[in-house]
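# Chains, contacts and geometry: an overview
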Amino acid sequence: RYLTSLYFAVVTFTTVGYGDFSPVNPAEQIWGILFMLINIIFMSWVIGSITLLIVKADEKTGNYRDSLQRLDKYAAMRGLPKHLKKRLKTQLKLEFN
C-alpha cells in the first residue's frame, strides 16, 4: 500500500504521467520509481551543463566588450591613429576567439 502511494507520488513529481501502461506488481513499481528518479538526476545534470555553457559563453562575450571599451578609451586618451586602433581591435578579437 505504501509502495503504491510512493509510486504515484514519484510519477506525479516527475510529471511522467500515468499513461496506458502501469506496473502491476511491487517489483515493477520499484523499478519504475528508480528509473524515474535516475532520469530526473540525469536530466538535471544535462540541463545544468547546457546552462553552464551558455553562461560561460556570455561571460566571455562580456569580457570581450569590456576590453573593447577599455581599448577605445586608451586609444582616445593617447590619440592613437585609426589604423593602429583597428589593428589592436583585430588582435583583441583573435585573442578572444
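One structure accompanies this document, and this report is about it. (Residues numbered from 1 in each chain as written. Predicted model: local features only at pLDDT ≥ 70, side-chain atom pairs only at ≥ 80, totals over all residues. Heavy atoms only, no water.)

## Section: the overall build of the protein
For the record, the criterion: Starting at the N terminus, helices and strands are each numbered in turn, a helix being any DSSP run of H or I of at least four residues and a strand any DSSP run of E of at least two. Summary of the burial criterion: residues with accessible area below 20% of their type's maximum are buried, those above 50% are exposed, and those between are partly exposed, where the area comes from a 1.4 Å probe applied to protein chains only. The contact criterion used is simple: two residues touch if any of their non-hydrogen atoms lie within 4.5 Å. All accessible areas in this document rest on Shrake-Rupley with a 1.4 Å probe, and a residue is counted as covered only by the protein chains that are shown. Positive charge is attributed to Lys and Arg, negative charge to Asp and Glu, and no charge count is given to His or to the chain ends. A single reference atom marks each charge: NZ on Lys, CZ on Arg, CG on Asp, CD on Glu.
Helix and strand counts for the protein come out as 3 helices and 0 strands. The C-alpha extent of the protein, read off along each of the three principal axes, is 80 × 20 × 20 Å. Counting the 97 residues in the protein, one finds 14% classified as buried. Summarising the internal contacts of the protein: among those between residues at least 6 apart in sequence, 48% fall at separations of at least 24. When the accessible surface of the protein is split by element, carbon and sulfur atoms take 65% of a total near 8400 Å². Of the charged side chains in the protein, 13 are positive and 7 negative, and the gap between their average positions amounts to 17 Å.

## Some words on the packing of aromatic side chains
Heads up, the rule is: Between 30 and 60 degrees the pair is tilted, below 30 it is stacked and above 60 it is edge-to-face, where a pair is any two Phe, Tyr or Trp rings, Trp via its six-membered ring, whose centres lie within 6.5 Å.
The tally for this structure, following the rule as stated, stands at 4 aromatic pairs. Centroid distance Tyr 7 to Phe 8: 5.3 Å. Interplanar angle 75°. Geometry classified as edge-to-face. Taking relative accessible area as the criterion, Tyr 7 reaches 9% and is therefore assigned buried. Ring centres of Tyr 64 and Phe 96 lie 5.4 Å apart, and the angle between their planes is 65°; on these two criteria the pair is classed as edge-to-face. In this pair, Tyr 64 sits in helix H2 (residues 26-78) while Phe 96 sits in helix H3 (residues 82-96), placing the two residues 32 residues apart along the sequence.

## Thoughts on the nonpolar core
In summary, soluble globular proteins display a tendency toward joint burial of nonpolar side chains. Using the following cut-off: What makes a nonpolar core is a set of buried Ala, Val, Leu, Ile, Met, Phe, Trp, Tyr and Cys residues whose side-chain atoms join them at distances within 4.5 Å.
In terms of nonpolar packing, the biggest core is built from 5 residues, these being Tyr 7, Val 10, Val 11, Ile 33 and Met 36. Those elements giving two or more residues to this core turn out to be helix H1 (2-13) and H2. It is H1 that provides the largest number of residues to this core, a total of 3 residues.

## As for the pattern of salt bridges
This is how it is decided: Salt bridges are defined as contacts in which a side-chain nitrogen from Lys or Arg sits within 4 Å of a carboxyl oxygen from Asp or Glu.
Throughout the structure, instances matching the rule amount to 2 salt bridges. Note that Lys 85 is salt-bridged to Asp 72, the shortest N-O span being 3.4 Å. Taken together, the positions of Lys 85 in helix H3 and Asp 72 in helix H2 put the pair 13 residues apart, joining distant regions of the chain. Lys 89 serves as the salt-bridge partner of Asp 72, at 3.2 Å between the closest nitrogen and oxygen. Taken as a pair, Asp 72 in helix H2 and Lys 89 in helix H3 lie far apart in primary sequence, 17 residues in all. Residues participating in the shared-partner salt-bridge network are Asp 72, Lys 85 and Lys 89.

## Let's talk about the side chain of Thr 14
Using the following cut-off: Polar contact is the term for a pair of N or O atoms within 3.5 Å; when the atoms are in protein, one must be able to donate a hydrogen and the other to accept it, and sequence-neighboring residues count only if both atoms are side-chain atoms.
Tracing the backbone through its elements, the reader meets Thr 14 in the loop between H1 and H2. Residue class for Thr 14 comes out buried when judged on its relative accessible area of 11%. Reaching out from Thr 14, the side chain makes a polar contact with the backbone oxygen of Val 11 at a distance of 3.4 Å. Thr 14 has contacts with Met 36 and Ile 40, leaving out every residue within four places of it along the chain.

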